[in-house]
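# A closer look at the structure
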Amino acid sequence: MTSEASNVIRVGSRKSELALIQTNFVIDSLKKIYPDKEFTIVTMTTLGDRILDVSLPKIGEKSLFTKDLEDALRNNTVDFVVHSLKDLPTTLPDGLAIGAVFEREDPRDALVLREDLKDNTLSTLPAGSVIGTSSLRRTAQLRGSYPQLSVVDVRGNLNTRLRKLDSGQEYSALLLASAGLQRMGWGHRVSKVLPCSEMMYAVGQGALAVECRADNADILKMLAPFNHPETYCRVLAERSFLKTLGGGCSAPVGVSTRLKPFDSQFKLSITGGVWSLDGATKIDHSMDQTFAQITKSHKHKLSPTEDTGSKKVKLDEDNDNGNTENDIDNPIEVINKRISEKSGVLNCEDIEENQIYCGLTENGNIPTDVIIKCDSLGQDLANALISKGALEVMKVSQDFIRSSTVAKKS
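Residues numbered from 1 in each chain as written. Predicted model: local features only at pLDDT ≥ 70, side-chain atom pairs only at ≥ 80, totals over all residues. Heavy atoms only, no water.

## Section: the pairing of strand β11 (residues 253-262)
In terms of burial, β11 is largely enclosed, as 7 of its 10 residues are buried. Direction of pairing for β11 relative to strand β12 (residues 265-275): antiparallel, over a ladder of 10 bridges. Looking at β12, one finds that Lys-260 is bridged to Lys-267. From the end of β11 to the start of β12, which pair antiparallel, there are 2 residues, and Asp-263 there has a positive phi angle of about 55 degrees. (Buried < 20%, exposed > 50% of the residue type's maximum accessible area, 1.4 Å probe, protein only. Helix = DSSP H or I, 4+ residues; strand = E, 2+ residues; numbered from the N terminus. Pairing = 2+ DSSP bridges.)

Below is the structure:
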């Protein structure tokens, strides 16, 4: 008997303090609209939580922080799972989908300096200072911009990493996601939020995603009001970019997006970058797309703290390489195309079948043509980088990591 048959919704979560804060935020948001529902949290430890003595890329497994939770979904042990969107691969297991993406927090990275160095910046830290991060993306950008600094892997949850920094034994500073620090109520630990011109962030960083079974209509309907349109447009373009590029934890890839009013329309701008592991080679490109309209939902406050400073996202200057609005099917043509591609007898249920874009269920709050343009924008950006040699740079990184993984296992 599934929980849908009762009034109990089972919610999967990792066991870390940050994961539980994020999960409880989602539950509290849902309770405001569905007060008659009872939510129970099912916690579990993922592979990424269990292996702490190896850097993430060298573990050699995909979905490090999501596979165990997704197995629970597929086995009907839980009804939905709360993730940091940046942890979710752009292609999800069959039968699973992201039912909602909550409003994004500040997606940028934050510099956290040790107390005795708190008046410094990355450029003024003494040569040889050790910066801790578990991210290839951050490592490559640091090595490229600040070769005088030493970048060292640091593992563990936020509590553990900050404790290692405060011990003063190894690390001079850490690079962490600003959103995670804000959600933990540790915004005061941020020495500086790094602008996108200095550090592009990870695809999906700063957003919470709720993953569920793609055929669970009740859960999808429950989540729909929280599928934040502006966030959805941005992260869809980002995920489409990464999926087309074929990156992820196996190569340094970063992005920067923004969506803002432009004359009487809206403009979505995206910049993507690929780096060599040593940061010496950088390939980047920028594009934008305009929309006549996007449907906006009410605001959702994501951080559990009262600090709203993280909402003021500092973005790069306007891009010079904007593309013009593409010719694209309108919503009626899209539906007609779907109908023509199906065989047999069609009914209304067939026509209304929810489409999935890079793991994201179609957002009913957004016109279909806007969704398709966001998806295409990410693909176009990836293809622009590929034409500049991005795949060759990524292959070198992937081959090196693959050889390191084999050596570690042997």
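## Examining the sheet that holds strand β5 (residues 109-113)
Adjacent strands of a sheet form backbone hydrogen bonds with each other and so pair up, either parallel or antiparallel. Spatially, the 5 strands line up as an open sheet ordered β7-β6-β8-β5-β9, and their pairing is mixed. Pairing within the sheet leaves two strands with one partner each, and these edge strands are β7 (150-152) and β9 (192-193). Examined bridge by bridge, strand β6 (residues 130-132) and strand β8 (residues 173-177) share 2 bridges and lie parallel to one another. Across the sheet, Ile-131 pairs through a bridge with Ala-173, a residue of β8. Contacts from helix α5 (residues 136-145) reach β5, β6, β7 and β8 within the one sheet, and its direction differs from that of β8 by about 130 degrees. Of the strands in this sheet, β5 and β8 touch helix α6 (residues 158-167), which is tilted by about 160 degrees from β8. (Contact = heavy atoms within 4.5 Å. Axes fitted to C-alpha atoms, helices over the stretch in contact; angles between N-to-C directions.)

## Topic: the packing of helix α9 (residues 229-245) against helix α12 (residues 368-387)
Relative to each other, α9 and α12 sit at 40 degrees, their axes nearing to 7 Å. You can see that α9 and α12 cross each other, and the crossing is right-handed. Residues Tyr-232, Cys-233, Leu-236, Ala-237, Ser-240, Phe-241, Thr-244 and Leu-245 of α9 touch α12, and the partners they reach there are Val-370, Ile-371, Cys-374, Asp-375, Gly-378, Gln-379, Leu-381, Ala-382, Asn-383, Leu-385 and Ile-386. In terms of residue class, the contact of α9 with α12 is made up of 13 nonpolar, 5 polar and 1 charged. (Left-handed = near helix turned anticlockwise from the far one by under 90°. Nonpolar A, V, L, I, M, F, W, Y, C, P; charged D, E, K, R; others polar.)

## Description of the packing of aromatic side chains
Within this structure, the stated rule accounts for 2 aromatic pairs. On the basis of an interplanar angle of 15 degrees and a centroid distance of 5.3 Å, the ring pair of Phe-102 and Phe-226 is categorised as stacked. One end of the pair, Phe-102, is in the loop between β4 (96-101) and β5; the other, Phe-226, is in the loop between α8 (217-223) and α9, with 124 residues separating them in the sequence. Under the relative-accessibility criterion, Phe-102 is labelled buried at 0%. For Phe-226, a relative accessible area of 3% puts it in the buried group. Pairwise contacts between aromatic rings join Phe-25, Phe-102 and Phe-226 into one cluster. Stacked on the ring of Phe-262, the Lys or Arg Lys-267 has its end atom at 3.9 Å from the ring centre. (Phe/Tyr/Trp six-rings, centres within 6.5 Å; stacked < 30°, edge-to-face > 60°. Lys NZ or Arg CZ within 6 Å of the ring centre and 35° of its normal.)

## A closer look at the pairing of strand β3 (residues 80-84)
In terms of burial, β3 is largely enclosed, as 5 of its 5 residues are buried. Side chains of β3 alternate between two faces, with Phe-80, Val-82 and Ser-84 and Val-81 and His-83 buried alike. When strand β1 (residues 8-14) meets β3, the two strands line up parallel, connected through 2 bridges. The partner of Val-11 across the bridge, within β3, is Phe-80.

The quantities given are spatial measurements derived from coordinates; they are silent on function.
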